[in-house]
Structures are given as C-alpha cells and as structure tokens.
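Results of the structural survey
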Amino acid sequence: MDEFLAVESLVILLLLVASIVAIAVRRIRLPYTVALVLVGLLITFEQELAFEVTPELILALFVPPLVFEAAFHLELSQLRDNLIPILILAVPGVVLSTLLVGGIVSLGIGLSLSLAVIFGALISATDPVAVVAFFRALGVSRRLAVAVEGESLFNDGTAIVVYNIVLAAALVGSFDLVKGLLDFLWIALGGLGIGVALGWVVSRLIAQIDDYFIEITLTTVLAFGAYLVAEQVHVSGVLAVVAAGIISGNIGSRGMSPTTKIVLFNFWEYVAFFANSLVFLLIGTKVNVPQLVTHIVPIMVAVGAVLIARAIVVYGLLWLPSLRGQRVHIPMSWRHVLFWGGLRGAISLALALSLPRQLPQRDLLEVMAFGVVLFTLLGQGTTIRFVMERLGLTKRPGPIVARERRLGQLYAAQAGLSRLAELRHDGLLAGDVWAALRDEYHETSHLLAEEMSQLFAEHPDLEREVLLRARQEALHAERGALSDALRQGLIAEDVYRQLVSEVDRRLEALALISEATTPARTDEE
Amino acid sequence: MGPIVCATRGGEASRRTQEHAIALARERGDPLIFLFVADSSFAHPDSRALAEALADELERLGHSLLSIAQVRAREQGISAEAAIRHGSVRQAIEDFLREVKASTLVLGAPGAGSEKKTFFPGELPQFAQEINTATGVDVIVVW
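Note that this is a predicted model, so its numbers are computed, not measured.

Counting its regular elements, chain B contains 4 helices and 5 strands. Listing every helix and strand of chain B by position from the N terminus yields β-α-β-α-β-α-β-α-β. Per-residue burial for chain B yields a buried fraction of 50% across its 143 residues. A separation threshold of at least 6 residues defines the contact pool for chain B, and within that pool the share at least 24 residues apart is 76%.

Here it is, written out as structure tokens:
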C-alpha cells in the first residue's frame, strides 16, 4: 500500500512539474519536450528518483497511447498522398540507417560490427514530438506534418522489428539474410494485420453507438489491446497500434456525431500530452551526466553517424524514385526539415534500456543512445524552429498577419476605452480627463478601422477569410452559451446534446470550407 | 439586353471581377446580378447531416459575400441583385443564365497562389467556352 501511494505521489508530482513546465514554455522559445528533459535532468541533480524506468513501462504503457493518438489523427487521404516517401523513409530508410550508423560507429570507435548494428537499429526510430508541436503552433503545411508524423509512426514499428532481428543474430552469432527478411515481413505485416482487424471490429462497434464515454473506452481498449495481442503472438505491437489507430480514426470516426468526434479527439490529445509529459520527464531523470561526459568521444561519433545516415536516407533515398520516373513530391525545404527534425526519443531509449544484461559493451550502447537522444533533443529540437523560419515554412501571408495585428490593436483599444468608461462611471475619472482620453481612443479606433478597410481593399481575399473566422467565433460563442444554459438548468441534457451537436456539425462544415479555400503557401516550393 | 451575371465566391479574384461587372453594368445600363454557387462537392461530407450543414454554411457565406458585393455596386450608383444557387458550379451557372435570360456572364480567374481547390474547373477559358456554347451567353473572364 505504501509503495502504491509512493508511486501515486510521484506521478502527481511529475504531472505538477509538467504543468509548470508547460506554462513556462509558453513564454520561452523552447519545445515542451526539450524543457521536460532539462527539468528531469535538474530533478536528478537534486535527488535520484526512487522509480525505475523499465523498457516495458515505456513500450507497453506510454508508447501505445502516443502512437495511437498520432495514428488516430492521421487522415487516410493525406497519408495516401505521402505514402511513397513515408514508406521509403520508414522501411528501406530504417534498414539503411541501421547499417550506415552501425558501419560508421564500428569504424569510428572500434566496436564490433554486430554490436554497432544493434546500436544503429535502436537509434533509427525518429520521435518528432517536439517538431510536430512547432508545426501546429506555427501553422506549417499539414502535408509536411503528415510526412514527418507518418514516417515516425511507421519507423517506430520497423526499427523495433529490425532491432529484434539484429539483436537475435548478434546473440546467436550468425545472420541469415533470407530468414531475417522473412522474419521482418512476418512481424511487420502480422502487426499491421492484427491492427487492421481489431481496428475494423472496434470501428464497426463504434458505428452502432453514439455515446462518447463508451467510444472513448472502446478506443482505449483498442490502443492497448492491439499492442498486447500483437506482442502475444510475437508480431509488431507498435505497428498493430499504428494500423488500429489509422483504421479507427478514419473509418470509426465516420459514424460518430461531431460532438463525439470532438470529445474523443480531445481525450486522445490529453492522453498523448499526459504520456509525453511523463516520458520526457523520466528520460531526463534517467540521464547520467557524469557517464555522458566520460563517454563523450563515442557519443560524438554516434551523433555524427546518426546525422550522416539521416542525410543519406532523406536526401538520397527520397531521390531514388525519380530515377524511375516516379514523382515523389517532397520539396527540398521539406527535406531539410525531415533531416534536421529527425529527433530521437522514447523508442530509442526503451530499446537501449531493454538490451540484455549479458550483451558485451551493453552500457556503452546505452550511454551512446542517451547521448544521441539528448543531442537531438537539445541541439536539433531547440533549433528546428529557426531552420523552419529560415526556410520560410512558418511565414503566414502578410495581409493576414497585418489584419490580425490591426484587429488585436482594435480589441485592445476597445478594452481600454471600456475600462476608462467604468472608471468614469464610478466617479474615479474627472470629466475633462475622461473626455480627452475618450477622444484619443476614438481617434485610434477610427484610424485602425480605416486601415482595416484599406487592407480589405488591397486584399479582397481577406473578405472570405474574415467572414469564415467571424462565423467560427460566433459558433464557439453559441456553444459556450448552450453550456451555460445547461448549467443553469434552462435546458435539459438531451436538448443540450442535440443543439451542441448541431453547432459542432456547423463548425466541422466551416473547417471543411476553410480547408478548401485557404491559400496554398508552403505546399509547393 | 438581358442582365449581366457576375459569378462570385469571395476569393482573391472577386474584387476585380465585381468591379469589372459593375463598370460593365454602368456602361450598358443593364441590370446586374451577383451569383454565388454553393457547391459542396469538394468536401465529400461523410453524413447527410454534415452535408446539410455544409450547404447551409456555404449559403450563409454566400449571403455575406453577396451583400458586400451589393454594397460595392451601390457605392458606384448601381443597384445590383443577388442570387444563391446550390449544386455543381457549371450546371448551376448555366441554369441561372437561362432562368434570368442573361446577356453576359462575368467570371474571375484566380491568380497564382490562391485557393488550393478552386470552385471552378481548372481550365477557365475552356469552361467559359463551354458555357457560351451551352447557353449562348457572352462570357467574360477577368484575369
């Protein structure tokens, strides 16, 4: 009981720390996950946590919801548009990266090739959480986000499969290429098959029900269940979760009411936030700084190997299909983001922690993995925003920024005027002062309104955008008013659900219209 | 002559298209009608309820955009009418031109970097030619 309470207290404490970090990063230009790792590091400087971060904890508890959430949000049509580059990066890309990293590390620090290849496999899965968070915040093209997320989802699975195959070969002392290939296909396709089957069954169930509590529960069962079932039959649990997430997110969500869809998506976003917060804090707490310093040379070699391999995979492999006349439309600026945004994270660490105790040089492989993860998070994670800005991928159309700026100024001026009116009403502002300030504010508001009119005259396309946004704002206000009406007992629960569902449907319709009419900025180079 | 119909959708080309149509109406003294076609086929809604919401929101958007166009015309001394039709852009425009016995249709060509998915088919000159052939109405494309 005491042990249980101690774990519970620790989790609550970590969540509190995570919340404080989440608030703090709103003011500084640092990815949330990077800040979590840093804070985790600081925590262990003070006191070592009495909590063991096991690979099972990461792989069976944290990875399924993280992978499921990302897959659940992935639109099949967008995935299809990017499928060739995603599969190139996630399948041959992982194999090539494994071999290249293995080769360079073996040559660089004199590690046996079999051990170096194990390191190459465990470090090949990308973890772009920090990058994708920036994509969302900065409004980067959805296609680029899908390419990055899609690659990560699939390479998590393939890297684990490749890792298990090369680890088994190293332990046995021989490697049969044909058997390795067949094992790879069986484990990967088996995992995907189980995920598709379970995802389809749950999607059919969801289609029969319209109750978001049940649907949340069913998707939770699916996320963890797909992993467990696949692992039980010795196929890829991660790929099973990927497939289950994509199927339920695309097919299962078709039959859902807009309200259920919103609640369900919000639930999974929160679960992902929860899991990410704990994973990255725990990663920070597991970093042993003195050990990293002692092994700085092999770590530097490993970092170099990972970067070289990533460059060859991203720039080289994605170029290959064009030799056969196939068009893989990944602009060069996106390839730079794919290269520098190829951070490493939870999967790599979980695999490093799961290395068998009897494996020679096990501790060296583990410390190299931690070093690479830390470098990618602190080095690449903190500079990826700069890279995206330099590449012009975060630029929003000038007129839209200008309109928002004036709108913000107008809101601020009106709030100021309203506060002055309150002060005047309460007798706290002398008549002549009030009159002078009021006139000044009116003048500012008038000027801003004129500038907005001018902006509309110069950029007629803003009209539609403004109308759509205004309508969205109005619908959000309507939704809030309905919640108030329910709380005040003015309307019954069933009426509330019906009305909110109508508003949500309209919001969804507006989102579709916005998507179809938003100017294309970064989709094309 | 019959009325001038200006098909508008509030995109990047809308202002210059409307201005062209207003100038034409003033020059000829013909009535001017702004037309908005609420075509939801681009979205492939996955339920009937969503399709209805989509059509309704497109109609609301159309009303607002047409009101702005009417104000623009009024400021230049032209009292323009407004109409909204649902369905595929081409069919709706052709039906409307016949309905009001229009003399001219004014369309705008979106500039580079505008909408990802235009409501008009990509080949605008061909589209204009086909409408002219089908209805006998003069079609002006404002570039």
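From this point, things continue past the structure.
Throughout the structure, instances matching the rule amount to 22 salt bridges over all chains. One salt bridge connects E57 of chain B with R471 of chain A, and the closest N-O pair in it is separated by 2.8 Å. Of this pair, E57 of chain B sits in helix α2 (residues 48-74) while R471 of chain A sits in helix α22 (residues 461-487), which puts the two residues in different chains. The buried category is assigned to E57 of chain B, whose relative accessible area is 1%. Given a relative accessible area of 14%, R471 of chain A falls into the buried group. For D504 of chain A, the salt bridge is made with R479 of chain A, and the minimal N-O distance between the two is 2.6 Å. Separated by 25 residues along the polypeptide, D504 of chain A in helix α23 (residues 493-517) and R479 of chain A in helix α22 bring together distant segments of the chain. Classification of D504 of chain A by relative accessible area gives buried; the value is 2%. A network of salt bridges, in which partner residues are shared, links R471 and R506 of chain A together with D56, E57 and R60 of chain B.

Quick notes on the rules
- Residues numbered from 1 in each chain as written.
- Chains lettered and ligands numbered in written order.
- Predicted model: local features only at pLDDT ≥ 70, side-chain atom pairs only at ≥ 80, totals over all residues.
- Heavy atoms only, no water.
- Helix = DSSP H or I, 4+ residues; strand = E, 2+ residues; numbered from the N terminus.
- Buried < 20%, exposed > 50% of the residue type's maximum accessible area, 1.4 Å probe, protein only.
- Contact = heavy atoms within 4.5 Å.
- Salt bridge = Lys/Arg side-chain N within 4 Å of Asp/Glu carboxyl O.

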